[in-house]
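# Chains, contacts and geometry: an overview
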Amino acid sequence: MSDFLSQFGNELKENISGYIAVTVTEIKSGISYFSDSISSDFDPELAAAYNLEVIKAKLKAIEVLNLNQKIDDILITITGQIHIVDISEDSKYFIYLAVDSTKSNLGMTKSLLNKYKNGLSGKL
């Protein structure tokens, strides 16, 4: 499994401007299948664990509100960074991507993430 995940991570790192970190994490268990960061100060697995709690809270809100919907992605902007939590179509895993907002373009970042994540479908 790690070869295609490593390729996925490398494609993001090489092609997304302002790349900081990425994880691919299972929603049910919270286990990260893959993680990478260009900064020793940024722990993507710890970030994924906290973002899993955000996902669970949003899923609960959707259930309580009887929305009968799925989460596509969650966008969090903080000072100087953009964090994208992209949920797989089958809702089994999520991709957490952090980028430097001063070096990236949100539209391009989301477009490239969608392009490269298509290679993960059916492999996890």
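Everything that follows concerns the structure shown earlier in this document.
Residues numbered from 1 in each chain as written. Predicted model: local features only at pLDDT ≥ 70, side-chain atom pairs only at ≥ 80, totals over all residues. Heavy atoms only, no water.

## Some words on the pattern of salt bridges
For clarity, the cut-off: Within this document, salt bridges are pairs made up of a side-chain nitrogen of Lys or Arg and a carboxyl oxygen of Asp or Glu, the two lying within 4 Å of each other. Helix and strand assignments follow DSSP, with helices taken as H or I runs no shorter than four residues and strands as E runs no shorter than two, numbered in order from the N terminus.
Counting across every chain of the model gives three salt bridges. One salt bridge in this structure joins Asp36 and Lys13, with 3.3 Å as the shortest N-O distance. With Asp36 in strand β2 (residues 32-37) and Lys13 in helix α1 (residues 2-15), this residue pair connects regions lying 23 residues apart in the sequence. Asp86 serves as the salt-bridge partner of Lys117, at 2.8 Å between the closest nitrogen and oxygen. Of this pair, Lys117 sits in helix α3 (residues 106-117) while Asp86 sits in strand β4 (residues 81-87), and the two are 31 residues apart along the sequence.

## Let's talk about the sheet that holds strand β1 (residues 19-26)
The condition that has to hold: In this analysis, strands are considered paired if DSSP registers two or more bridges between them. Lines are fitted to the C-alpha atoms to define the axes, a helix being fitted only along its stretch in contact, and any angle between axes, read from their N-to-C directions, falls within 0 to 180 degrees. Contacts are assigned to residue pairs that have any heavy atoms within 4.5 Å of one another.
Judged by pairing direction, the sheet is antiparallel, and its five strands sit side by side in the order β2-β1-β5-β4-β3 without closing on themselves. What marks the edges here is a single partner per strand, and that holds for β2 and β3 (73-78). Neighbouring strand axes in the sheet, compared pairwise and without regard to direction, differ in orientation by 10 degrees on average. Two elements, β4 and strand β5 (residues 93-100), share seven bridges in a ladder whose sense is antiparallel. Along β5, the bridge assignment pairs Ile82 with Val99. Packed onto the sheet, α1 meets β1, β2 and β5 and runs at close to 150 degrees relative to β1.

## Considering the environment of Ala21
Stated formally: Using a 1.4 Å probe on the protein chains alone, a residue whose accessible area is under 20% of its type maximum counts as buried, one over 50% counts as exposed, and one in between counts as partly exposed.
Within the secondary structure, Ala21 is located in strand β1. Residue Ala21 is classed as buried on the basis of its relative accessible area of 0%. For the pair formed by Ala21 and Asp36, sequence separation is 15 residues and the distance between their alpha carbons is 5.5 Å. Filtering out sequence-adjacent residues up to four positions away, Ala21 remains in contact with Asp36, Ser37, Phe42, Pro44, Tyr96, Leu97 and Ala98.

## Some words on the side chain of Asp100
For the record, the criterion: Positive charge is attributed to Lys and Arg, negative charge to Asp and Glu, and no charge count is given to His or to the chain ends. Within 3.5 Å is the distance limit for a polar contact, defined as a pair of N or O atoms, with the added protein rule that one can donate a hydrogen and the other accept it, and that residues adjacent in sequence qualify only through two side-chain atoms.
Among the secondary structure elements, Asp100 is positioned in strand β5. With no salt bridge to any partner, buried Asp100 finds its closest opposite charge in Lys103, at an N-O distance of 4.1 Å. A distance of 2.5 Å separates the side chain of Asp100 from the side chain of Thr102, its partner in a polar contact.

## Comments concerning helix α2 (residues 44-64)
To be explicit about the condition: Given the number of residues in a helix, its expected span is that number minus one, multiplied by 1.5 Å. The arc under discussion is defined with respect to the helix axis, by the directions toward the C-beta atoms.
Helix length check: α2, at 21 residues, gives a terminal C-alpha distance of 30 Å against a target of 30 Å (1.5 Å per residue), a fit within 8%. Listed as buried for α2 are Pro44, Ala47, Ala48, Asn51, Leu52, Ile55 and Ile62. One side of α2 holds all its buried residues, which, seen down the axis, span an arc of 145 degrees. Turned more than 90 degrees from where α2 packs its buried face, Tyr50 and Val64 sit exposed. The inward-facing, buried residues of α2 contact β1, β2, β3, β4 and β5. In this structure Asp43 caps α2, since a side-chain oxygen of it lies 3.1 Å from the backbone nitrogen of Glu45. Residue Asn66 follows α2 closely and has a positive phi angle near 50 degrees.

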